[in-house]
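Examination of the molecular architecture
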Amino acid sequence: MAPRLFAVCALLAITSSTAAQGVPASDAARAEPVIAFENAFAQAFQGCDRAAADRMTTKDFTFTDYNGMTYSRAWFLDTVESCARSLVRIEPMHVSLNDGDRAALVISKYHQFVRDEPMPIHQLTHVLVRHDGVWKLAHHHSAVMQSGAGPAEGKAFAQLQGGPSTKQPGGFSPTIARHAGPAGAPEADRVAMEKAAFNAALTYAAAFQNCQTPRVDRLLAANYLISGFNGMTYTRAWMIDGTEECYHDLQRIDPLQLRLYGDNMAILLGRYHQFVYNRPTDLRHLTVVLFREGGAWRVAYHYSTTFNENVGSPDGKLFYSTGGNSTLVDLPFPNSVAPRAP
C-alpha cells in the first residue's frame, strides 16, 4: 500500500514562542532538534516508512501501548509497514532535557486515525537518547486520556481529555525543562551500577508504601513528573503530598526489564501493584525513568497504564503480561538487564 500524504503539523516554530514565555532562548534552541525528531517520527509512522522508523529507533526499542502491553521492535516496524494509520500527529506538551542533553523526555498529545476513523486522544511519552549527535527513540508509552478519572488536583499542565483525535492541530506551546546533572563520577563496576539503578526503583516503591516522605523527597529528581492511568501528568509536590497522607497502603514494582543508557540513565519496565485504602487497584504496566545525580540514582518520571489484554494486538508482546487486580503476594517474573556502551 502506498504511503498517504502527510498531514503532520510543523512543530519547529513552537520553540520561538516558548522562549517568550520565560524559557531561556538557549534551552528552547536545544529543544528544537527533539521537537523536529518527533515531527519526523510521526511522518515516518504515518507514511508507512519502515526504513525511517528503523533508523530512528534504538536496537532495544520497546513500545508500550494503551492496553499496557509492551511490544517488540520487530512488531513495531511491521506495524509501521502495514500502513494501518492514515494520520499520526504528535503535539509535545512538555520537553525535558537531561544528562547533559544526551537524553530527553517528551510528553505529548497523540492523535491517530486508523483507516480514516478517529481514535481516542492518547498521552504519549517518548524517551529519547542522543549518541554522536543523533537522536533516537528508546521507548514509547501511551495511554488514553480519560475524562473524570483520577485526581482533579495537582496536574502539571493543562491536558485535553477524552474525545477523538482531530485532523487539525490546535494552538499550543510546550513547556521546556532542562536538567543536566551533575551526575558525579560513574561506577567502574557496571554490574554495581545496574544494581544501584534497580534498587533505587524498588526503594522508590517501598518508600511510598511506608509513607516515608523524606526518603521519597530524596529519591525524586528535581524535575520529577508522574503520569497516571488516566493520561494525566501530576507534579512532584502532588506526589510528596500523597506520600505524606499515606494514600498508598501497598505499592510494589515487579521489574520486567531494566536498560542502562550510558552512565547516567536507566529505563525500568515493570508490573505495578497498588492497594489504596486497603483495596486492590488494577494491575498496571509501569515505566520508570531514572537519572544518576551526584552519584545517586533518582526517579525523573513515572508512567503507569492499566493492563487490558483484551484490546490491541495479540501478537508481538515482548514479555508475558496480564490484567486483573494487584496482589499482596509477589509473583514470579522475568528480569532482563541490557547494559549499553556510553
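Everything numeric in this text was worked out from a predicted model, so none of it was measured.

Rules used in this analysis
Residues numbered from 1 in each chain as written. Predicted model: local features only at pLDDT ≥ 70, side-chain atom pairs only at ≥ 80, totals over all residues. Heavy atoms only, no water. pLDDT = per-residue confidence, 0-100. Contact = heavy atoms within 4.5 Å. Salt bridge = Lys/Arg side-chain N within 4 Å of Asp/Glu carboxyl O. Phe/Tyr/Trp six-rings, centres within 6.5 Å; stacked < 30°, edge-to-face > 60°. Buried < 20%, exposed > 50% of the residue type's maximum accessible area, 1.4 Å probe, protein only. Helix = DSSP H or I, 4+ residues; strand = E, 2+ residues; numbered from the N terminus. Arc of directions from axis to C-beta. Core = buried A, V, L, I, M, F, W, Y, C linked by side-chain atoms within 4.5 Å.

Averaged over all residues, the pLDDT of the protein chain equals 84, while 88% of them reach at least 70. Residue range residues 1-21 is modelled with pLDDT below 50. Its contacts to residues more than four positions away, or to other chains, number 47 contacts.

Right, let's get into the pattern of salt bridges. Applying the stated criterion to the full structure yields 16 salt bridges. Measuring nitrogen to oxygen at the nearest pair gives 2.9 Å for the salt bridge that ties R102 to D99. Each of D27, R30, D101 and R178 takes part in a single network of salt bridges with overlapping partners.

Our focus in this paragraph is the packing of aromatic side chains. Scanning all chains against the criterion turns up 12 aromatic pairs. Arranged with centres 4.5 Å apart and planes meeting at 25°, the rings of Y234 and W238 form a pair that is stacked. Accessibility expressed as a relative area gives 2% for Y234, which makes it buried. Among the aromatic side chains, those forming a connected cluster through ring pairs are F37, F41, F45, F61, F63, Y71, W75 and F76.

Those residues of helix α7 (residues 236-244) lying buried are M239, I240, G242 and T243. Down the axis of α7, the buried set is contained in an arc of 160°. They therefore lie on one face. In this structure, the buried residues of α7 make contact with α5 (190-209), α6 (213-219) and β9 (220-227). Residue C246 follows α7 closely and has a positive phi angle near 55°.

A separate point is the environment of M69. Relative to the helices and strands, M69 is located in the loop between β1 (57-64) and β2 (70-71). M69 sits in the buried class, given a relative accessible area of 0%. Each C-alpha atom of the pair M69 and G316 lies 9.4 Å from the other, and the pair is 247 residues apart in sequence. The residues contacting M69, other than those within four sequence positions of it, are F63, T64, F307, N308, E309, K317 and S321.

We now examine the nonpolar core. Formed by 52 residues in total, the largest nonpolar core has its most connected members in Y204, M265, L290 and W297. For this core, the element with the highest residue contribution is α5, accounting for eight residues. Beyond its immediate sequence surroundings of up to four residues, M265 is in contact with A103, V127, V129, R259, L260, V289, L290, F291 and W297.

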